[in-house]
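Listed below, chain by chain, are the residues.
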Amino acid sequence: MTQAPTPTADTVRRLVRSLLKESAETASGPDVRPVAEGGEHTTWWVGARHVLRLAPDREAAARQRRELRLRDLVRPHLPVAVPTSVAHGEWAPGLTYTLDTRVPGGTGEEHDVSAVGEADLAGLLTGLREVPVRQAETLGVPRAAPRSLEALRRMAAHAAERLGAADEFDPARMTQLAPSAAAQLAAQSGTAVLVHHDLRGEHLLVSADGRVRGILDWTGAVVGDPAEDIASLALAVGSPAAVRAATLAGYSARPCLRGLWLARCDTVIRLTDCIEARGTAPLPLLRTQLRRAWEPILLERVTEFREDGEE
(Lines give C-alpha, C1' and ligand atoms only; values in the text may rest on other atoms or scores of the structure.)
Protein backbone atom coordinates (compact mmCIF):
# COMPACT_ATOMS: atom_id res chain seq x y z
CA MET A 1 0.00 0.00 0.00
CA THR A 2 1.33 3.44 -0.95
CA GLN A 3 2.37 5.59 1.97
CA ALA A 4 0.20 8.70 2.26
CA PRO A 5 2.08 12.01 2.11
CA THR A 6 2.52 13.98 5.29
CA PRO A 7 0.82 17.39 5.09
CA THR A 8 3.07 20.34 5.93
CA ALA A 9 2.41 24.04 6.41
CA ASP A 10 3.67 24.64 2.87
CA THR A 11 1.33 21.97 1.50
CA VAL A 12 -1.61 23.56 3.30
CA ARG A 13 -0.62 27.10 2.32
CA ARG A 14 -0.35 26.24 -1.38
CA LEU A 15 -3.70 24.45 -1.31
CA VAL A 16 -5.48 27.30 0.47
CA ARG A 17 -3.91 29.93 -1.79
CA SER A 18 -5.51 28.15 -4.74
CA LEU A 19 -8.91 28.10 -3.01
CA LEU A 20 -9.21 31.54 -1.43
CA LYS A 21 -8.88 34.61 -3.60
CA GLU A 22 -7.86 36.88 -0.73
CA SER A 23 -5.04 34.48 0.16
CA ALA A 24 -3.76 34.41 -3.40
CA GLU A 25 -3.44 38.18 -3.33
CA THR A 26 -1.00 38.19 -0.39
CA ALA A 27 2.66 37.45 -0.96
CA SER A 28 3.16 35.44 2.22
CA GLY A 29 0.00 33.40 1.80
CA PRO A 30 -2.54 32.62 4.53
CA ASP A 31 -1.72 32.14 8.19
CA VAL A 32 -2.01 28.38 8.77
CA ARG A 33 -1.37 26.36 11.89
CA PRO A 34 -2.27 22.85 13.04
CA VAL A 35 -5.22 22.57 15.41
CA ALA A 36 -3.59 19.90 17.59
CA GLU A 37 -0.06 19.68 18.95
CA GLY A 38 2.06 16.70 17.95
CA GLY A 39 1.09 13.69 15.83
CA GLU A 40 -0.04 13.84 12.22
CA HIS A 41 -1.54 17.23 11.41
CA THR A 42 -4.77 16.60 9.53
CA THR A 43 -6.76 19.62 10.75
CA TRP A 44 -5.49 23.18 10.28
CA TRP A 45 -6.71 26.64 11.19
CA VAL A 46 -6.66 28.89 8.14
CA GLY A 47 -6.67 32.50 9.22
CA ALA A 48 -9.52 33.43 11.54
CA ARG A 49 -12.42 32.30 9.38
CA HIS A 50 -11.69 28.82 8.02
CA VAL A 51 -10.55 25.35 9.02
CA LEU A 52 -9.03 22.81 6.63
CA ARG A 53 -9.50 19.09 7.25
CA LEU A 54 -7.35 16.61 5.34
CA ALA A 55 -8.27 12.93 5.10
CA PRO A 56 -5.13 10.91 5.97
CA ASP A 57 -6.22 7.70 4.21
CA ARG A 58 -8.83 6.40 1.77
CA GLU A 59 -11.17 5.17 4.48
CA ALA A 60 -11.18 8.63 6.06
CA ALA A 61 -11.71 10.13 2.60
CA ALA A 62 -14.83 8.00 2.10
CA ARG A 63 -16.19 9.13 5.48
CA GLN A 64 -15.47 12.76 4.61
CA ARG A 65 -17.31 12.54 1.29
CA ARG A 66 -20.29 11.06 3.13
CA GLU A 67 -20.07 13.75 5.82
CA LEU A 68 -20.33 16.55 3.25
CA ARG A 69 -23.65 15.16 2.04
CA LEU A 70 -24.89 14.36 5.53
CA ARG A 71 -24.26 17.88 6.83
CA ASP A 72 -26.54 19.25 4.11
CA LEU A 73 -29.23 16.74 5.15
CA VAL A 74 -29.14 17.50 8.89
CA ARG A 75 -28.67 21.28 8.75
CA PRO A 76 -32.39 22.18 8.28
CA HIS A 77 -33.36 20.02 11.27
CA LEU A 78 -30.95 21.43 13.84
CA PRO A 79 -31.08 24.61 15.96
CA VAL A 80 -27.26 24.76 16.11
CA ALA A 81 -24.74 25.41 13.38
CA VAL A 82 -23.17 22.72 11.23
CA PRO A 83 -19.97 23.70 9.38
CA THR A 84 -20.33 24.66 5.73
CA SER A 85 -17.76 23.64 3.15
CA VAL A 86 -16.58 26.48 0.91
CA ALA A 87 -14.34 24.15 -1.11
CA HIS A 88 -13.62 20.44 -1.26
CA GLY A 89 -11.67 18.08 -3.44
CA GLU A 90 -8.47 16.01 -3.28
CA TRP A 91 -5.22 17.22 -1.71
CA ALA A 92 -3.39 14.05 -2.83
CA PRO A 93 -4.47 11.18 -5.10
CA GLY A 94 -7.52 9.55 -3.47
CA LEU A 95 -7.27 11.73 -0.34
CA THR A 96 -9.93 14.38 0.17
CA TYR A 97 -10.05 17.74 1.89
CA THR A 98 -12.76 20.15 2.92
CA LEU A 99 -12.23 23.83 3.65
CA ASP A 100 -14.98 24.80 6.09
CA THR A 101 -16.19 28.04 7.55
CA ARG A 102 -15.15 28.31 11.18
CA VAL A 103 -18.09 28.23 13.60
CA PRO A 104 -17.56 30.74 16.46
CA GLY A 105 -17.15 29.51 20.01
CA GLY A 106 -14.84 27.49 22.22
CA THR A 107 -15.10 23.79 22.89
CA GLY A 108 -17.23 22.12 25.51
CA GLU A 109 -14.01 21.50 27.44
CA GLU A 110 -13.36 25.25 27.62
CA HIS A 111 -16.85 26.57 28.47
CA ASP A 112 -19.57 25.19 30.71
CA VAL A 113 -23.00 24.69 29.13
CA SER A 114 -25.70 26.89 30.68
CA ALA A 115 -29.37 26.04 31.24
CA VAL A 116 -30.15 27.67 27.89
CA GLY A 117 -27.33 25.63 26.39
CA GLU A 118 -29.03 22.49 27.68
CA ALA A 119 -32.09 23.57 25.68
CA ASP A 120 -29.79 23.85 22.65
CA LEU A 121 -28.67 20.25 23.24
CA ALA A 122 -32.31 19.19 23.56
CA GLY A 123 -32.97 20.81 20.19
CA LEU A 124 -30.00 18.90 18.76
CA LEU A 125 -31.33 15.55 20.00
CA THR A 126 -34.83 16.42 18.78
CA GLY A 127 -33.49 17.39 15.36
CA LEU A 128 -31.52 14.17 15.00
CA ARG A 129 -34.73 12.20 15.61
CA GLU A 130 -36.39 14.16 12.80
CA VAL A 131 -33.77 13.40 10.16
CA PRO A 132 -35.29 10.79 7.80
CA VAL A 133 -33.41 7.56 8.46
CA ARG A 134 -33.88 6.28 4.91
CA GLN A 135 -32.35 9.42 3.45
CA ALA A 136 -29.36 9.11 5.78
CA GLU A 137 -28.86 5.49 4.75
CA THR A 138 -29.13 6.46 1.08
CA LEU A 139 -26.13 8.72 1.67
CA GLY A 140 -24.20 5.74 2.98
CA VAL A 141 -24.63 6.29 6.72
CA PRO A 142 -24.22 2.79 8.22
CA ARG A 143 -26.48 1.09 10.72
CA ALA A 144 -24.94 0.18 14.08
CA ALA A 145 -26.42 -2.52 16.28
CA PRO A 146 -27.09 -1.51 19.91
CA ARG A 147 -24.41 -2.54 22.34
CA SER A 148 -25.14 -5.14 25.01
CA LEU A 149 -25.27 -3.28 28.30
CA GLU A 150 -24.91 -6.54 30.23
CA ALA A 151 -21.69 -7.44 28.38
CA LEU A 152 -20.41 -3.90 28.94
CA ARG A 153 -21.37 -4.09 32.62
CA ARG A 154 -19.31 -7.26 33.10
CA MET A 155 -16.28 -5.69 31.40
CA ALA A 156 -16.63 -2.54 33.49
CA ALA A 157 -16.95 -4.53 36.73
CA HIS A 158 -13.62 -6.25 36.06
CA ALA A 159 -12.02 -2.94 35.09
CA ALA A 160 -13.39 -1.28 38.23
CA GLU A 161 -11.59 -3.84 40.42
CA ARG A 162 -8.30 -2.89 38.78
CA LEU A 163 -9.08 0.81 39.19
CA GLY A 164 -9.80 0.14 42.85
CA ALA A 165 -6.40 -1.47 43.27
CA ALA A 166 -4.88 1.66 41.71
CA ASP A 167 -6.90 3.85 44.12
CA GLU A 168 -8.69 5.52 41.19
CA PHE A 169 -12.26 4.34 41.74
CA ASP A 170 -14.49 2.58 44.27
CA PRO A 171 -15.51 -0.68 42.55
CA ALA A 172 -18.52 -0.99 44.86
CA ARG A 173 -20.18 1.74 42.82
CA MET A 174 -20.63 -0.72 39.96
CA THR A 175 -23.13 -2.67 42.09
CA GLN A 176 -25.63 0.10 41.34
CA LEU A 177 -26.08 -1.56 37.95
CA ALA A 178 -27.34 -5.05 38.74
CA PRO A 179 -27.73 -7.65 35.97
CA SER A 180 -31.51 -7.31 36.22
CA ALA A 181 -31.30 -3.55 35.72
CA ALA A 182 -28.94 -3.98 32.76
CA ALA A 183 -31.49 -6.33 31.19
CA GLN A 184 -34.29 -3.80 31.70
CA LEU A 185 -32.15 -1.12 30.05
CA ALA A 186 -31.57 -3.17 26.89
CA ALA A 187 -32.16 -1.20 23.70
CA GLN A 188 -35.70 -1.51 22.39
CA SER A 189 -36.49 -2.39 18.80
CA GLY A 190 -37.76 0.26 16.43
CA THR A 191 -35.99 3.17 18.13
CA ALA A 192 -33.05 3.68 15.76
CA VAL A 193 -32.39 7.32 14.79
CA LEU A 194 -29.54 9.26 13.25
CA VAL A 195 -26.81 9.34 15.90
CA HIS A 196 -23.84 11.73 15.77
CA HIS A 197 -21.94 9.11 17.80
CA ASP A 198 -19.18 11.39 19.04
CA LEU A 199 -20.68 14.33 20.94
CA ARG A 200 -17.63 14.75 23.13
CA GLY A 201 -16.59 18.15 24.44
CA GLU A 202 -14.20 18.99 21.61
CA HIS A 203 -17.02 18.61 19.07
CA LEU A 204 -19.40 20.93 20.94
CA LEU A 205 -18.90 24.62 20.15
CA VAL A 206 -19.97 26.62 23.20
CA SER A 207 -20.02 30.40 23.57
CA ALA A 208 -18.83 32.24 26.66
CA ASP A 209 -22.43 32.58 27.87
CA GLY A 210 -22.91 28.79 27.79
CA ARG A 211 -24.97 28.50 24.59
CA VAL A 212 -24.22 25.58 22.29
CA ARG A 213 -23.52 27.18 18.92
CA GLY A 214 -22.43 24.32 16.71
CA ILE A 215 -21.58 20.64 16.33
CA LEU A 216 -18.40 19.48 14.59
CA ASP A 217 -17.20 16.24 12.95
CA TRP A 218 -20.05 14.19 11.51
CA THR A 219 -17.77 11.51 10.06
CA GLY A 220 -18.74 8.89 12.65
CA ALA A 221 -22.52 9.30 12.33
CA VAL A 222 -24.60 6.11 12.26
CA VAL A 223 -28.21 5.04 12.32
CA GLY A 224 -28.58 3.42 15.69
CA ASP A 225 -29.17 3.70 19.42
CA PRO A 226 -30.03 7.25 20.57
CA ALA A 227 -28.68 6.39 24.02
CA GLU A 228 -25.18 6.60 22.53
CA ASP A 229 -25.53 10.36 22.03
CA ILE A 230 -26.92 10.74 25.56
CA ALA A 231 -23.87 8.83 26.78
CA SER A 232 -21.49 11.09 24.85
CA LEU A 233 -23.16 14.18 26.31
CA ALA A 234 -22.77 12.75 29.82
CA LEU A 235 -19.01 12.68 29.23
CA ALA A 236 -19.00 16.18 27.75
CA VAL A 237 -21.33 18.13 30.05
CA GLY A 238 -22.04 15.79 32.96
CA SER A 239 -24.80 13.26 33.56
CA PRO A 240 -27.39 15.65 35.08
CA ALA A 241 -27.17 18.10 32.17
CA ALA A 242 -27.20 15.30 29.58
CA VAL A 243 -30.28 13.68 31.10
CA ARG A 244 -32.07 17.01 31.44
CA ALA A 245 -31.41 17.73 27.75
CA ALA A 246 -32.57 14.26 26.68
CA THR A 247 -35.71 14.53 28.81
CA LEU A 248 -36.47 17.94 27.31
CA ALA A 249 -36.04 16.33 23.87
CA GLY A 250 -38.80 13.87 24.72
CA TYR A 251 -36.80 10.81 25.73
CA SER A 252 -38.22 8.76 28.58
CA ALA A 253 -36.40 7.36 31.59
CA ARG A 254 -35.29 4.15 29.87
CA PRO A 255 -33.05 5.60 27.11
CA CYS A 256 -31.80 8.29 29.51
CA LEU A 257 -30.67 5.72 32.07
CA ARG A 258 -29.31 3.46 29.35
CA GLY A 259 -27.18 6.36 28.10
CA LEU A 260 -26.07 7.12 31.65
CA TRP A 261 -24.84 3.57 32.19
CA LEU A 262 -23.21 3.29 28.79
CA ALA A 263 -21.20 6.37 29.73
CA ARG A 264 -20.33 5.10 33.20
CA CYS A 265 -19.16 1.70 31.98
CA ASP A 266 -17.20 3.23 29.10
CA THR A 267 -15.35 5.67 31.35
CA VAL A 268 -14.33 2.94 33.80
CA ILE A 269 -13.01 0.76 30.96
CA ARG A 270 -11.18 3.59 29.17
CA LEU A 271 -9.50 4.88 32.31
CA THR A 272 -8.35 1.35 33.15
CA ASP A 273 -6.94 0.90 29.65
CA CYS A 274 -5.04 4.18 29.93
CA ILE A 275 -3.57 3.39 33.35
CA GLU A 276 -2.52 -0.04 32.11
CA ALA A 277 -0.92 1.52 29.00
CA ARG A 278 -3.48 0.24 26.50
CA GLY A 279 -5.04 3.62 25.66
CA THR A 280 -3.80 6.86 24.14
CA ALA A 281 -6.30 9.42 25.47
CA PRO A 282 -4.94 11.98 27.99
CA LEU A 283 -5.25 10.70 31.55
CA PRO A 284 -6.58 14.02 32.99
CA LEU A 285 -9.38 14.09 30.41
CA LEU A 286 -10.36 10.48 31.17
CA ARG A 287 -10.51 11.26 34.88
CA THR A 288 -12.68 14.29 34.18
CA GLN A 289 -15.01 12.24 31.99
CA LEU A 290 -15.26 9.57 34.70
CA ARG A 291 -16.26 12.21 37.23
CA ARG A 292 -18.86 13.70 34.89
CA ALA A 293 -20.39 10.34 34.00
CA TRP A 294 -20.71 9.31 37.64
CA GLU A 295 -22.40 12.49 38.81
CA PRO A 296 -25.63 11.37 40.55
CA ILE A 297 -28.99 12.21 39.05
CA LEU A 298 -32.41 12.15 40.66
CA LEU A 299 -33.90 10.06 37.83
CA GLU A 300 -32.01 6.90 38.76
CA ARG A 301 -33.33 7.11 42.34
CA VAL A 302 -37.01 7.48 41.52
CA THR A 303 -37.44 5.36 38.37
CA GLU A 304 -39.15 1.99 38.57
CA PHE A 305 -39.36 0.06 35.32
CA ARG A 306 -42.55 -1.62 34.21
CA GLU A 307 -42.47 -4.85 32.27
CA ASP A 308 -44.50 -3.35 29.42
CA GLY A 309 -41.76 -0.76 28.82
CA GLU A 310 -41.97 2.70 27.34
CA GLU A 311 -40.82 4.56 24.23
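Along each chain, residues carry numbers from 1 onward, in the same order as the chain's sequence is written. In keeping with the predicted nature of the model, local features appear solely for residues at pLDDT of at least 70, side-chain atom pairs appear and are counted solely at 80 or more, and the whole-chain, interface and lining totals rest on all residues. Computation of side-chain values: all heavy atoms of the structure, hydrogens and water removed.

Trainee: What is the right way to read empty space enclosed by the protein from this model?
Mentor: Think of a ball as big as a water molecule: rolled over the atoms, this probe shows where empty space is left. Site definitions follow a grid-based scheme: protein atoms alone, a 1 Å grid, a 1.4 Å probe that fits but cannot get out for cavities, and for pockets an open set with protein on both sides within 12 Å along at least five of seven lines, plus lining residues having an atom within 4 Å of a point. Grid points are joined across faces, edges and corners, and a volume is the space filled by probe spheres set on the points. The final tally for this structure, using the stated rule, is two cavities of 30 Å³ or more. Considering only enclosed or pocket space, the largest cavity measures out at about 100 Å³ in volume. In terms of lining, the largest cavity is formed by eleven residues, of which the most central are Ala187, Gln188, Thr191, Asp225 and Pro255. Quantified by volume, the second largest cavity comes out at close to 40 Å³. Lining the second largest cavity are Leu125, Leu128, Val193, Leu194, Val195, Pro226, Asp229 and Tyr251. By the criteria applied, helices consist of DSSP H or I runs no shorter than four residues and strands consist of E runs no shorter than two, each listed in order from the N terminus. Every element with two or more residues in the lining of the second largest cavity is listed here: helix 4 (115-130) and strand 7 (193-195). Examining the composition of the lining of the second largest cavity, we find that three residues originate from one element, strand 7, more than from any other. Nonpolar residues are Ala, Val, Leu, Ile, Met, Phe, Trp, Tyr, Cys and Pro. Charged residues are Asp, Glu, Lys and Arg, and all others, Gly as well, are polar. Taken together, the residues that form the lining of the second largest cavity break down as seven nonpolar, no polar and one charged.

Trainee: Would you take a moment to explain the sheet that holds strand 9 (residues 212-215) for this structure?
Mentor: Paired through backbone hydrogen bonds, the strands of a sheet run either parallel or antiparallel to each other. Read across the open sheet, the three strands follow the order 6-8-9; overall the sheet is antiparallel. With one partner strand each, in any of the chains shown, strand 6 (106-107) and strand 9 form the two edges of the open sheet. Strands are labelled as partners when DSSP assigns at least two bridges between them. Both strand 6 and strand 8 (residues 204-206) contribute to a ladder of two bridges, which runs antiparallel. Bridged to Gly106 within strand 8 is Val206.

Trainee: What is the right way to read the pattern of salt bridges from this model?
Mentor: Pairing between side chains of opposite charge can happen when the charged atoms of each approach one another. When a carboxyl oxygen of Asp or Glu is within 4 Å of a side-chain nitrogen of Lys or Arg, the pair counts as a salt bridge. A full pass over the atoms with the stated rule returns 26 salt bridges. Across the pair Arg162 and Glu276 runs a salt bridge, and its minimum N-O distance is 2.9 Å. Linking Arg162 in helix 6 (residues 149-165) with Glu276 in the loop between helix 10 (253-275) and helix 11 (283-293), this pair joins segments that are 114 residues apart in sequence. A relative accessible area of 37% means that Arg162 is categorised as partly exposed. Within this structure, Arg53, Glu67, Arg71 and Asp100 form a network of salt bridges that share partners. Each residue is placed in one exposure class: buried if its accessible area under a 1.4 Å probe, protein chains only, is under 20% of its type's maximum, exposed if it is over 50%, and partly exposed if it falls in between.

Trainee: I keep staring at the pairing of strand 2 (residues 43-46) and nothing clicks. Help me out?
Mentor: Two faces, one strand: in a regular strand the side chains alternate between the faces of the sheet. Only one face of strand 2 is covered, namely the one carrying Trp44 and Val46; the face carrying Thr43 and Trp45 has none of its residues buried. Relative to strand 2, strand 1 (residues 32-34) is paired through three bridges, and the arrangement is antiparallel. Note that in strand 2 the partner of Arg33 across the bridge is Trp45. The pairing of strand 2 with strand 3 (residues 50-54) spans four bridges and is classified as antiparallel.

Trainee: I keep staring at the side chain of Thr96 and nothing clicks. Help me out?
Mentor: Along the chain, Thr96 turns up in strand 5 (residues 95-101). The exposure class assigned to Thr96 is buried, which follows from its relative accessible area of 4%. Leaving out residues up to four positions away in the same chain, Thr96 has contacts with Arg53, Leu54, Ala55, Ala61, Gln64, Arg65, Gly89, Glu90 and Trp91. The criterion used for residue contact is that any of the two residues' heavy atoms lie within 4.5 Å.

Trainee: What should I look at first to understand the environment of Gly94 in this one?
Mentor: Position of Gly94 relative to the elements: it lies in the loop between strand 4 (85-92) and strand 5. Leaving out residues up to four positions away in the same chain, Gly94 has contacts with Arg58, Ala61 and Arg65.

Trainee: I tried to follow the pairing of strand 3 on my own but got confused; where do I start?
Mentor: Within strand 3, five of the five residues are buried, which leaves it mostly tucked inside the rest of the structure. Hairpin connection, strand 2 to strand 3: the antiparallel pair is bridged by three residues, and Gly47 has positive phi, about 60 degrees. In this sheet, strand 5 lies alongside strand 3 in antiparallel orientation, the contact comprising five bridges. Counted as the bridge partner of Arg53 is Thr98 from strand 5.

Trainee: I tried to follow helix 8 (residues 227-237) on my own but got confused; where do I start?
Mentor: Turn by turn, an α-helix covers 3.6 residues, leaving residues three or four places apart pointing in a common direction. Of all eleven residues in helix 8, eleven are buried; the element is thus mostly enclosed. On the buried face of helix 8, the contacting elements are helix 4, strand 7, strand 8, helix 9 (239-248), helix 10 and helix 11. Once helix 8 finishes, Gly238 follows within two positions and takes phi at roughly 100 degrees, a positive value.

Trainee: It is not clear to me how the confidence of the model for the protein should be interpreted in this structure. Could you clarify?
Mentor: Across the chain, each position has a pLDDT score giving the predictor's confidence in that residue, from 0 to 100. Overall, the predicted model of the protein reaches an average pLDDT of 91, with 91% of residues at or above 70. Low pLDDT (under 50) marks residues 306-311, which in the prediction has 15 contacts with non-local residues, meaning those over four places away or in another chain.

Trainee: Just checking my understanding: could you explain the nonpolar core for this structure?
Mentor: In globular proteins that are soluble, nonpolar side chains generally tend to be buried together. The criterion is simple. A nonpolar core is a set of buried Ala, Val, Leu, Ile, Met, Phe, Trp, Tyr and Cys residues joined through side-chain atoms within 4.5 Å. The biggest cluster of nonpolar side chains holds 71 residues, and the ones touching the most others in it are Leu121, Leu124, Leu194, Leu204, Trp218, Val237 and Val268. When residues of this core are assigned to their parent elements, the largest contribution, eleven residues, is made by helix 10. Filtering out sequence-adjacent residues up to four positions away, Leu204 remains in contact with Gly106, Thr107, Gly108, Leu121, Leu199, Gly214, Ile215, Leu233, Ala236 and Val237. In this structure, Val16, Leu20, Leu52 and Ala87 belong to the second largest nonpolar core, which totals 15 residues.

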